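# Descriptive analysis of the structure
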Amino acid sequence: MTAIESPCILVCSIDMKTGYCFGCGRTRDEISAWIGMTPEARREVMAQLPARLETVERKPRRETRRARMARERGQVV
């Protein structure tokens with residue numbers, strides 16, 4: 001079995017204004033449908049995520065998994 005590529009960084013909180021997850025930029029519908037999406041459909045969504053993340057109203061209050069791992073390795077994020 002192969003792993004499914006996912007943009008999830010374990011910051012699962014939705015910006016109520018935009019409807020995008022603060023962590024990954026996906027909508028609730030995209031998150032719930034992710035496992036059943038074709039690889040092409042997932043790539044289409046992933047191509048939109050950087051622009052979406054620029055539109056969220058606030059940053060998440062908790063530290064992201066990526067930031068925590070970088071901090072633990074002594075890197076600056």
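For every chain, the first residue of its written sequence is number 1, and the numbers climb from 1 along that sequence. The predicted nature of this model means local features are confined to residues of pLDDT at least 70 and side-chain atom pairs, given and counted, to a pLDDT of 80 or more, with totals for whole chains, interfaces and linings taken over all residues. With hydrogens and water excluded, all non-hydrogen atoms of the structure serve as input to the side-chain values.

### Focus: the overall build of the protein
For the protein, the count of helices and strands is 3 helices and 0 strands. Helices (α) and strands (β) of the protein occur, in sequence order from the N terminus, as α-α-α. Contacts are assigned to residue pairs with any non-hydrogen atoms lying within 4.5 Å of each other. Contacts spanning at least 24 positions in sequence make up 49% of the contacts within the protein whose residues lie at least 6 apart. Total accessible area on the protein is roughly 5,800 Å²; 54% of this is exposed by carbon and sulfur atoms. Going along the chain from the N terminus, every DSSP run of H or I of four or more residues is numbered as a helix, and every run of E of two or more is numbered as a strand. Exposure was quantified through the Shrake-Rupley algorithm and a 1.4 Å probe, taking into account, for residues, occlusion by the shown protein chains and nothing else.

### Observations regarding the pattern of salt bridges
Should a side-chain nitrogen of Lys or Arg be within 4 Å of a carboxyl oxygen of Asp or Glu, the pair is scored as a salt bridge. Considering all chains together, one arrives at 2 salt bridges under this definition. Residues Glu30 and Arg52 are paired through a salt bridge, measuring 2.6 Å at the closest nitrogen-oxygen approach. You can see Glu30 sitting in helix α1 (residues 28-33) and its partner Arg52 sitting in helix α2 (residues 39-53), a full 22 residues away along the chain. When sorted by exposure, Glu30 lands in the same class as Arg52, which is buried. A salt bridge links Glu40 to Arg43; the nearest nitrogen and oxygen atoms lie 3.5 Å apart. Of this pair, Glu40 and Arg43 both sit in helix α2, separated by 3 residues, roughly a single helical turn. Any residue under 20% of the maximum accessible area for its type is buried, any over 50% is exposed, and the rest in between are partly exposed; the area is computed with a 1.4 Å probe on protein chains only. Judged by relative accessible area, Glu40 falls into the partly exposed class, the value being 44%. Residue classification places Arg43 among the partly exposed residues on the basis of a relative accessible area of 47%.

### A few points about the state of the cysteines
Here, disulfide denotes a covalent bond that connects the sulfur atoms of two cysteines. Our working definition of a disulfide is a cysteine sulfur pair at a distance within 2.5 Å. Within the structure shown, the criterion is met by 0 disulfides. Not engaged in a disulfide, the cysteine Cys8 finds its nearest cysteine sulfur in Cys12; these two sulfurs lie 4.4 Å apart. The thiol of Cys21 is not disulfide-bonded; the next cysteine sulfur, from Cys24, is found 3.9 Å away. Among the residues examined, Cys21 registers a relative accessible area of 2% and is labelled buried.

### Some words on the environment of Gly25
Relative to the helices and strands, Gly25 resides in the segment before α1. Between the alpha carbons of Gly25 and Ile14 there is a distance of 8.7 Å; along the sequence they are 11 residues apart. Residue contacts for Gly25: discarding those within four places in its chain leaves Tyr20, Leu49, Arg52 and Leu53.

### A closer look at the side chain of Glu30
Residue class for Glu30 comes out buried when judged on its relative accessible area of 13%. In the analysis that follows, any N or O atom pair within 3.5 Å is treated as a polar contact, provided that within protein one partner can donate a hydrogen and the other can accept it, and provided that, for residues neighboring in sequence, both atoms belong to side chains. A distance of 2.9 Å separates a polar side-chain atom of Glu30 from the backbone nitrogen of Thr27. Not counting chain neighbours up to four residues away, the residues in contact with Glu30 comprise Met37, Val45 and Arg52.

### What to know about the confidence of the model for the protein
What pLDDT expresses is the predictor's confidence in each residue, scored from 0 to 100. Per-chain confidence: the protein averages 86 in pLDDT, with 87% of residues scoring 70 or above. Across the protein, the secondary-structure element scoring lowest on mean pLDDT is helix α3 (residues 65-72), at 80, and the one scoring highest is α1, at 96.

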